[in-house]
Amino acid sequence: MSTIFGIPTPALYGQILIGLINGSFYAMLSLGLAVIFGLLRVINFAHGAQYMLGAFAAYLLLNWLGINYWLALVLAPLVVGVIAVVIERTMLSRLYGIDPLYGLLLTFGLALILEGAFRYWFGAAGQPYAAPSQLSGGVNLGFMYLPIYRGWVVIASLVICIGTWLLIEKTRLGAYLRAATENATLVQAFGVNVPLLLTLTYGLGAALAALAGVLAAPIYQVSPLMGSNLIIIVFAVVVVGGMGSILGAIVTGYVLGVLEGLTKVFYPEASSIVIFVVMAIVLLVRPAGLFGREE
Amino acid sequence: MSSAPLLEVRGLNAWYGESHVLHGVDLDIREGETVTLLGRNGAGKTTTLRAIMGILRRREGVIRLRGKNLLSLPLHKVAQAGLGYVPEERGIFASLNVSENLTLPPTVSDSGMSVEEIYTLFPNLYERRSSQGTKLSGGEQQMLAIARVLRTGAKVILLDEPTEGLAPVIVQRIGDVLVELKKRGMTILLVEQNFRFAKKVADRFYLMEDGRMVNSFPGHELDARMDELHEVLGV
């Protein structure tokens, strides 16, 4: 069996793949967080819960209504997006313009309530969600065995991230969003309905989290705490990428995912902290993050 | 000249937090007029523009555009009613290129200039249309800030100190642009410290002091009133 630095290559490739998968979720989730933070100046602690809601929505659509994975990919983000819009209109929008800490506390509270409710209803144990038959099985790539569903997740997340990036960088709506991130009052003075833009952005960010949740359901089990396990790492990714930087969130997500995978191969003891070590170093050297603008 | 003003401000009071900054400001602008607010720093000129625009929210009084009351409108409806705002700090967005900055404000009527006309009027902006907005020189940023509201078809343009901090040759160029806009029948409310610049374009002057309108006079009286102005403006 061939080895690199004394590590069997299948183990190395396997960990890189796992790193890419984890990185896909880091990227999709930190992307939504970065967009929401950039425009609303809200640190959305409910992001993990919205991801969990997306996975549960897929699970419940399948088990209660018999709605399959492909439809769930559309319906779950829609449902979670609508819930987020209601939350933004009725609660979050009251907190704009005051200390950002209140937005953080509100979303943190919502996350605790949602996770608590789902634990009460479904228990802490995970529920299995089978990958759709079209994506089950795997292929032998010669140097490693690739489960098809995992390859699909990496590709789907790339498409989602690039699509979101194009939406923000290349469209008129994206130009409103970028401008309002810099100076919301002036954009509104130009006649853009900024309150509506804020609502849609929060809804879109939550829908992205839910979409990631549906993609995650067949890989990780659907459990009430799946989001809170992930969200702390995702916050570290956002900090490393630079708060509010879209491209930073995407690139950092994948890179840190792979870095974490490689650490599992070469120095497993450090794999659960490597991302936080990187965060600490970045904060010391470049407090605005790798892609952030110094203010 | 028609008698009913296009923009009418009556008894406008405004507050920054608890501090009362505008005291019963009255102001009329007729269609096609250029009116200039003069006053020292802190006299309330910029505040008057911000209060008319609705950026400063704590206000009382009457602000009417073609008879329509603007005071109760949410901020984004004020632009849609026909006011175009060019802020003192210019407000060019760093994350947008020149062309995106130019086309950012939604059009509010079909009377605005086309992008082609704007690029003819400001050839520099055309050359730099793909540059990041804030990479432009101060003068170019000012041109962009003015060009941006010309596209929307706003009826009245609120222009806050367009010459501030710019070289004389650029000030000259901006003066030419304002003369050109006047020829096209644009209605302009200008805040300006440099009244020699304002003299070229203003039909009337208002003089502000401590958040109040203390005087107003037609443009041709400027020279005769120099002594009075020097006293009030402290220049």
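Just above sits the structure.
What you are looking at is a predicted structure, and each value in this text was computed from that prediction instead of being measured.

1. Quick word on the layout of surface pockets
All names here are of chain A.
At step 1: The calculated volume of the largest pocket comes to roughly 680 Å³.
At step 2: Those elements that place two or more of their residues in the lining of the largest pocket are helix 1 (9-40), helix 5 (148-170), helix 6 (172-189) and helix 9 (246-266).
At step 3: Counting residues per element, the lining of the largest pocket draws most heavily on helix 1, at five residues.
At step 4: Of the residues belonging to the lining of the largest pocket, the class tally is twelve nonpolar, six polar and seven charged.

2. Details of the nonpolar core
At step 1: Grouped together as the largest cluster of nonpolar side chains are 173 residues, with contacts concentrated most on F25 of chain A together with I52, L83 and L150 of chain B.
At step 2: The leading source of residues in this core is helix 1 of chain A, at 14 residues.
At step 3: Each residue touching L83 of chain B, except ones within four places of it in the same chain, is listed here: L7, I52, M53, L65, L70, V78, A154, V156 and L158 of chain B.

3. Let's talk about the packing of helix 2 (residues 47-65) of chain A against helix 8 (residues 226-241) of chain A
All names here are of chain A.
At step 1: The contact between helix 2 and helix 8 brings their axes to 8 Å, and the two run at 140°. One way to sum up the angle between helix 2 and helix 8 is to call them oblique. For the crossing formed where helix 2 meets helix 8, the hand is right-handed. Taking contact as the criterion, the partners of H47, G48, Y51, M52 and A55 in helix 2 are, on helix 8, M226, G227, L230 and I231.
At step 2: Of the residues assigned to the contact of helix 2 with helix 8, the class counts are six nonpolar, three polar and no charged.

4. Concerning the packing of helix 1 of chain A against helix 6 of chain A
All names here are of chain A.
At step 1: It is at 7 Å that the axes of helix 1 and helix 6 come closest, and there the two elements cross at 55°. Taken together, helix 1 and helix 6 sit at an angle that is classed as oblique. Counting all contacts with helix 1, which are made through V35, G38 and L39, the residues of helix 6 involved are L177, A180 and T181.
At step 2: Among the residues forming the contact of helix 1 with helix 6, the class breakdown is four nonpolar, two polar and no charged.

5. Digging into the sheet that holds strand 6 (residues 83-86) of chain B
Residues and elements named next belong to chain B.
At step 1: Here six strands make up an open sheet; going across it, the order is 6-7-8-3-9-10 and the pairing mixed. The outermost strands of the open sheet, each flanked by one partner alone, are strand 6 and strand 10 (212-218). Sheet twist, expressed as the mean angle between neighbouring strand axes with direction ignored, is 20°.
At step 2: Helix 9 (residues 226-233) contacts strand 3 (34-38), strand 9 (204-209) and strand 10 of the sheet and is inclined by roughly 35° relative to strand 9.

Each value, and the rule that gives it
Within every chain, residues take consecutive numbers counted from 1 along the sequence as written. Chains carry letters and ligands carry numbers; both start at the beginning, A for chains and 1 for ligands, and go up in the order they are written. Owing to the predicted nature of the model, reporting of local features is limited to residues with pLDDT of at least 70; listing and counting of side-chain atom pairs is limited to 80 or more, with chain, interface and lining totals taken over all residues. Side-chain figures throughout are based on the complete set of non-hydrogen atoms in the structure, without hydrogens or water. Every definition here rests on a 1 Å grid over the protein atoms only: cavities are sets of points where a 1.4 Å probe fits but cannot get out, pockets are open sets enclosed by protein on both sides within 12 Å along at least five of seven lines, and lining residues have some atom within 4 Å of a point. Grid points are joined across faces, edges and corners, and a volume is the space filled by probe spheres set on the points. Secondary structure elements are defined from DSSP: runs of H or I of at least 4 residues count as helices, runs of E of at least 2 residues count as strands, and each element is numbered from the N terminus. Residues are sorted three ways: Asp, Glu, Lys and Arg are charged, Ala, Val, Leu, Ile, Met, Phe, Trp, Tyr, Cys and Pro are nonpolar, and all the rest, Gly among them, are polar. Working definition of a nonpolar core: buried Ala, Val, Leu, Ile, Met, Phe, Trp, Tyr and Cys residues. They are joined through side-chain atoms within 4.5 Å. Burial status follows relative accessibility: with a 1.4 Å probe on protein chains alone, a residue under 20% of its type maximum counts as buried, one over 50% as exposed, and anything between as partly exposed. Working rule for contacts: check all heavy atoms of both residues, and any pair within 4.5 Å makes them a contact. Fitted lines through C-alpha atoms serve as axes, helices being fitted only where they are in contact, and the angles separating the N-to-C directions of these axes extend from 0 to 180 degrees. The scheme is simple: roughly parallel for angles under 35 degrees, roughly antiparallel for over 145, roughly perpendicular for 65 to 115, oblique for anything else. A clockwise turn of the near helix away from the far one marks a right-handed crossing, whereas an anticlockwise turn of less than a right angle marks a left-handed crossing. Two strands pair if DSSP finds at least two bridges between them.

Take it as geometry only, folks, not as evidence of what the structure does.
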